[in-house]
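# Commentary on secondary and tertiary structure
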Amino acid sequence: MNQGSIRQHQESVTVEASAETLYDLVSDITRTGEWSPVCTSCWWDDEDTPGHVGAWFTGRNELPHRTWETRSQVVAAERGREFAWVVGGKFVRWGFTLTPSDSGTTLTESWEFLPDGIAMFGEKYGAEADAQIAERTRQALDGIPKTLAAIKRIAEGQGQTRKG
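Residues numbered from 1 in each chain as written. Predicted model: local features only at pLDDT ≥ 70, side-chain atom pairs only at ≥ 80, totals over all residues. Heavy atoms only, no water.

### Some thoughts on the overall build of the protein
This is how it is decided: Secondary structure elements follow DSSP: runs of H or I of four or more residues count as helices, runs of E of two or more count as strands, with numbering from the N terminus. For every residue, the accessible area (1.4 Å probe, protein chains only) is compared with the maximum for its type, and the residue is labelled buried under 20%, exposed over 50%, or partly exposed between those bounds. Note on definitions: a residue-residue contact is assigned when non-hydrogen atoms from the two residues lie within 4.5 Å. Methods summary: accessible areas were calculated by the Shrake-Rupley approach with a probe of 1.4 Å, and residue burial reflects only the protein chains presented.
Of the regular secondary structure elements, the protein holds three helices and seven strands. Counting helices and strands in the order they occur from the N terminus, the protein gives β-α-β-β-β-β-β-β-α-α. A principal-axis box enclosing the C-alpha atoms of the protein has dimensions of 50 × 30 × 30 Å. Expressed as a percentage of its 164 residues, the buried residues of the protein come to 40%. Summarising the internal contacts of the protein: among those between residues at least 6 apart in sequence, 50% fall at separations of at least 24. By element, 46% of the accessible surface of the protein is carried by carbon and sulfur atoms, the whole surface being about 8,500 Å².

Below, the structure written as structure tokens:
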């Protein structure tokens with residue numbers, strides 16, 4: 001297994017909304033199921049500290065062949081600039097950055113498979129680790145543009161929800 005490789009990707013879209021409005025949307029993890037093709041719902045583990053750096057939340061993920069839950073910790077929460085979290089506190093970093101532009105805000109979603117995540121997959125899946133990592137990478141690369149398009153539709157008022 002190539003444990004030294006770190007997989008990362010990011011894509012952007014311009015949204016006709018303020019950075020603050022977009023931040024309020026993407027940092028409300030209870031709405032994630034409206035735009036994510038895999039994560040169907042999220043909830044704060046401690047409702048007294050939602051949205052702050054250090055806060056934990058749980059996400060429910062569903063694919064046709066499996067369903068699972070993950071816990072994530074918020075690692076960046078700067079209104080109008082960035083909201084990010086790390087799955088398991090050390091395995092995969094997901095985030096949104098917001099940059100004002102002439103026509104609204106450039107929303108960038110980023111994903112990075114961290115070294116501890118690569119190592120965990122090696123321990124969990126053994127000889128199948130590379131295939132499992134490649135599958136998770138494919139899901140992220142496929143999901144990011146779908147997520148951004150759905151957030152854009154919601155923020156610009158072109159559709160209130162993606163899912164029923």
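### A few points about the packing of aromatic side chains
What counts is decided by this rule: When two rings of Phe, Tyr or Trp (its six-membered ring) have centres within 6.5 Å they constitute a pair, described as stacked for plane angles under 30 degrees, edge-to-face for angles over 60, and tilted for the intermediate range. Distance and angle both matter: a charge sits over a ring if NZ of Lys or CZ of Arg is within 6 Å of the ring centre and within 35 degrees of the ring normal.
Following the criterion strictly, the structure yields nine aromatic pairs and no others. Geometrically, the ring pair formed by Trp44 and Phe57 is edge-to-face, given 5.5 Å between the ring centres and 75° between the ring planes. You can see Trp44 sitting in strand S2 (residues 39–44) and its partner Phe57 sitting in strand S3 (residues 56–63), a full 13 residues away along the chain. Seen from their ring centres, Trp85 and Phe96 are 6.0 Å apart, and the 45° between their planes marks the pair as tilted. Of this pair, Trp85 sits in strand S5 (residues 82–87) while Phe96 sits in strand S6 (residues 92–101), and the two are 11 residues apart along the sequence. Classification of Trp85 by relative accessible area gives buried; the value is 14%. One aromatic cluster is present, formed by Tyr23, Trp44, Phe57, Phe83, Trp85 and Phe96 through successive ring pairs. When the ring centre of Trp68 is taken as origin, the NZ or CZ atom of Arg66, which lies over that ring, is 3.6 Å away.

### A short note on the sheet that holds strand S4 (residues 66–78)
Put simply, the rule is: Here, any two strands with at least 2 DSSP bridges between them count as paired. Helix axes are fitted to C-alpha atoms over the stretch in contact, other axes to C-alpha atoms as well, and angles between N-to-C directions run from 0 to 180 degrees.
The seven strands lie next to each other as S1-S7-S6-S5-S4-S3-S2, forming an open sheet whose pairing is antiparallel. Strands at the two margins of the open sheet, each flanked by one partner only, are strand S1 (7–15) and S2. In this sheet, neighbouring strand axes are inclined to one another by 20° on average, regardless of whether the strands run parallel or antiparallel. When S5 meets S6, the two strands line up antiparallel, connected through six bridges. By the bridge assignment for S6, Glu82 is matched with Thr97.

### Section: the pattern of salt bridges
Test applied: Note on definitions: salt bridges are taken to be side-chain nitrogens of Lys or Arg within 4 Å of carboxyl oxygens of Asp or Glu.
Summed over the entire model, instances satisfying the criterion amount to 10 salt bridges. With its nearest N and O atoms 2.7 Å apart, the salt bridge here joins Glu135 to Arg138. With Glu135 and Arg138 both in helix H3 (residues 129–155) and three residues apart, this pair spans about one turn of that helix. When its relative accessible area of 44% is taken as the criterion, Arg138 is described as partly exposed. Through salt bridges that share partners, Arg60, Glu62 and Glu69 make up one connected network.

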